[in-house]
Amino acid sequence: MWNAAVHAEYLHDHSDYGFEVGSVRFSWEALKAKRDAYISHLNRIYHNNLDKAKVQNIQGHARFTNDPEPTVEVNGRKYTAPHILIATGGQPTVLSNADIPGGNLGITSDGFFELETLPKRTVIVGAGYIAVEMAGILSTLGSKTSMIIRQSGVLRNFDSFISTNCTKELQNSGVDLWKNSQVKSVCKAEGGLEVTVVTKDPERKNDEEKTSTIQEVDCLLWAIGREPNTSGLNVAAAGLEMDERGHIVVDEFQNTSRPGIYAVGDVCGKALLTPVAIAAGRKLAHRLFEGKKDSKLDYSSIPTVVFSHPPIGTVGLTEEEAIRARGKENVKVYKTSFTPMYHAITSRKSQCIMKLVCEGKEEKVVGLHMQGLGCDEMLQGFAVAIKMGATKADFDKTVAIHPTSSEEFVTMR
């Protein structure tokens, strides 16, 4: 879906590069059909790989029992083993009418993939990476899109440099951003949903709340967080420790509080990314079945990409985190912003921003953050360097590749 939105962006630039393009029509239906077919193809591949590995596939909902040995029950039959792994993931937070009147009239990111047509008018509630990605896709493909966020910017857990720039890019791209706002109620009307929004600027404490209504909404998407997928597992029967949000508590080796039961991925509530769950699972398998008793995943400096417009790449500590950990006097920051060469002759402009966070006298690079054209593909190589302990001097000793955006990281002063 993001690739389709990128195509839509490039269409605006064709004339600047000398191409005469006639009328172009986008078909959400055609894209959805191809996407769904591809996902079904992937599902078959995974299923076949499990069959080739002679993995028994048991269809059903598992729940733990209170048997002396770790045991799960599926469709009335009990299964026990020396090792039981919980990898049930997470699910989008769903609002009910009890939370917000009319809350159940909205969908989540799961519902996004079930949309049969492109919504004409979309309202997205949330400021995290899923909200940002959904807003970018829908807006770029032609849906009039509003985002309702509780504070003044998106991606507040990211480096402030990224948060501020991403907020600006969303607004520049035409997304209608409702800052310091919350949904009060939702109701059905003849022309679609009516979303009532309350706005209160925290900087103006004497001002009263402002109530507004967004009308004729045909897609309200809640992107307000995710919850561990533990409902129905009966984890209490197994005596597993859980945190206040319902995540299963594990140690650094993915052990739960019950010997013989392990957990990886979003259900643990740490670094909610698919590659993280895969890596943790591999490390656990090496430890349990290959005798590598110290095998565990290092959760530091995990590279992350947000498929916004333009994309974001980030790895390591934010400037704020580094200052809290080492003190401001021990942290040095290098940053730059520029127009990528691609946009040198286009009327549509988008900046590329980059930041290095370094600490100590040796200026070890502990954080790298960027947003701009191609940043999604740039990140992996830089993440390897940072994982290996690269310093700013190591970056400086590397010959630049010209003309690219990535060369800015090795020429910063």
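What comes next concerns the included structure. (Residues numbered from 1 in each chain as written. Predicted model: local features only at pLDDT ≥ 70, side-chain atom pairs only at ≥ 80, totals over all residues. Heavy atoms only, no water.)

**Here we look at empty space enclosed by the protein**
Then, number 1: Going through the model one piece at a time under the given rule, you end up with three cavities of 30 Å³ or more.
Then, number 2: Its boundaries defined by the atoms lining it, the largest cavity holds a volume of some 40 Å³.
Then, number 3: Residue lining of the largest cavity: Ala-135, Gly-136, Ser-139, Thr-140, Glu-169, Leu-170, Ser-173, Val-175 and His-309, and that is the complete set.
Then, number 4: Sorting the residues of the lining of the largest cavity by element identifies α4 (129-140) and α5 (160-172) as the ones contributing at least two each.
Then, number 5: Here the lining of the largest cavity gets four residues from one element, more than from any other, and that element is α4. (1 Å grid on protein atoms, 1.4 Å probe; cavity = no way out; pocket = protein on both sides within 12 Å on 5 of 7 lines; lining within 4 Å. Points joined across faces, edges and corners; volume = space filled by probe spheres on them. Helix = DSSP H or I, 4+ residues; strand = E, 2+ residues; numbered from the N terminus.)

**Considering helix α2 (residues 28-52)**
Then, number 1: In this model, α2 (25 residues) spans 36 Å end to end at C-alpha, consistent with the 36 Å of a helix rising 1.5 Å per residue.
Then, number 2: If you check which residues of α2 are buried, you get Trp-28, Lys-32 and Arg-35.
Then, number 3: Where α2 is buried, its residues meet α3 (109-112) and α4.
Then, number 4: The positive-phi residue at the C-terminal boundary of α2 is Lys-54, with phi of around 60 degrees. (Expected span 1.5 Å × (residues − 1). Buried < 20%, exposed > 50% of the residue type's maximum accessible area, 1.4 Å probe, protein only. Contact = heavy atoms within 4.5 Å.)

**A look at the sheet that holds strand β16 (residues 312-316)**
Then, number 1: A sheet is described by the order of its strands in space; here five strands give the open sequence β15-β16-β19-β18-β17, paired in antiparallel fashion. Where the open sheet ends on each side, the last strands, each with one partner, are β15 (304-306) and β17 (331-338). Neighbour-to-neighbour, the strand axes of this sheet turn through a mean angle of 15 degrees, independent of strand direction.
Then, number 2: Here β17 runs beside strand β18 (residues 352-359); their pairing, made up of eight bridges, is antiparallel. Within β18, the residue paired with Val-333 across the bridge is Val-357.
Then, number 3: The sheet contacts of α5 involve β16, β17, β18 and β19 (364-371), and relative to β19 the element is tilted by about 5 degrees. (Pairing = 2+ DSSP bridges. Axes fitted to C-alpha atoms, helices over the stretch in contact; angles between N-to-C directions.)

**Concerning the pattern of salt bridges**
Then, number 1: One pass over the structure, following the stated rule, counts 17 salt bridges.
Then, number 2: The salt bridge partner of Lys-292 is Glu-290, with a shortest N-O separation of 3.5 Å.
Then, number 3: A salt bridge links Lys-397 to Asp-394; its shortest N-O distance comes to 3.5 Å. A residue pair is termed a helical-turn pair when its members lie 3 or 4 positions apart in one helix, as Lys-397 and Asp-394 do in helix α9 (residues 392-397) at three residues.
Then, number 4: Among the residues examined, Asp-394 registers a relative accessible area of 31% and is labelled partly exposed. (Salt bridge = Lys/Arg side-chain N within 4 Å of Asp/Glu carboxyl O.)

**Quick word on unusual backbone geometry**
With the exception of glycine, the majority of residues adopt a negative phi angle, and the majority of peptide bonds are in the trans configuration.
Then, number 1: Omega for the bond connecting His-309 with Pro-310 falls within 30 degrees of zero, at -5 degrees, which places this linkage in the cis form.
Then, number 2: Mapped onto the elements, Pro-310 comes out in the loop between β15 and β16.
Then, number 3: For the bond from His-402 to Pro-403, the omega torsion is -5 degrees, close enough to zero to count as cis.
Then, number 4: Along the chain, Pro-403 falls in the segment after α9.
Then, number 5: With a phi angle near 70 degrees, Gln-254 is a residue other than glycine that sits in the positive phi range.
Then, number 6: Position of Gln-254 relative to the elements: it lies in the loop between β13 (226-228) and β14 (261-263).
Then, number 7: Positive phi, close to 50 degrees, is recorded for Ser-301, a residue that is not glycine.

**A word on the sheet that holds strand β1 (residues 62-64)**
Then, number 1: Taken in spatial order, the three strands make up an open sheet running β1-β2-β3, and their pairing is antiparallel. Pairing within the sheet leaves two strands with one partner each, and these edge strands are β1 and β3 (77-80). Strand-to-strand twist across the sheet, computed as the mean angle between neighbouring axes with direction ignored, equals 35 degrees.
Then, number 2: Across three bridges, the pairing between β1 and strand β2 (residues 71-74) is antiparallel. Note that in β2 the partner of Phe-64 across the bridge is Val-72.

**A word on the side chain of Ser-295**
Then, number 1: Summarising the element assignment, Ser-295 is placed in the loop between α6 (274-289) and β15.
Then, number 2: A distance of 2.7 Å separates a polar side-chain atom of Ser-295 from the backbone oxygen of Lys-283.
Then, number 3: Beyond its immediate chain neighbours, meaning those up to four positions away, Ser-295 contacts Phe-253, Lys-283, His-286 and Arg-287. (Polar contact = N/O pair within 3.5 Å; in protein donor to acceptor, adjacent residues only side chain to side chain.)

**Notes on the packing of aromatic side chains**
Then, number 1: A full pass over the atoms with the stated rule returns seven aromatic pairs.
Then, number 2: Here the aromatic rings of Trp-28 and Phe-112 are separated by 5.9 Å at their centres, their planes lie at 90 degrees, and the arrangement is edge-to-face. Placement of the pair is Trp-28 in helix α2 and Phe-112 in helix α3, with a sequence separation of 84 residues. As far as burial versus exposure is concerned, Trp-28 and Phe-112 are alike and both buried.
Then, number 3: Ring plane angle 20 degrees and centroid distance 5.8 Å describe the contact between Phe-382 and Phe-395, whose orientation is recorded as stacked. Of this pair, Phe-382 sits in helix α8 (residues 375-387) while Phe-395 sits in helix α9, and the two are 13 residues apart along the sequence. We note that Phe-382, like Phe-395, is buried.
Then, number 4: By the ring-pair criterion, three or more aromatic residues cluster together here, those being Tyr-10, Tyr-17 and Tyr-342.
Then, number 5: Positioned above the aromatic ring of Tyr-299 is the side chain of Lys-270, whose terminal nitrogen or guanidinium carbon lies 4.4 Å from the ring centre. (Phe/Tyr/Trp six-rings, centres within 6.5 Å; stacked < 30°, edge-to-face > 60°. Lys NZ or Arg CZ within 6 Å of the ring centre and 35° of its normal.)

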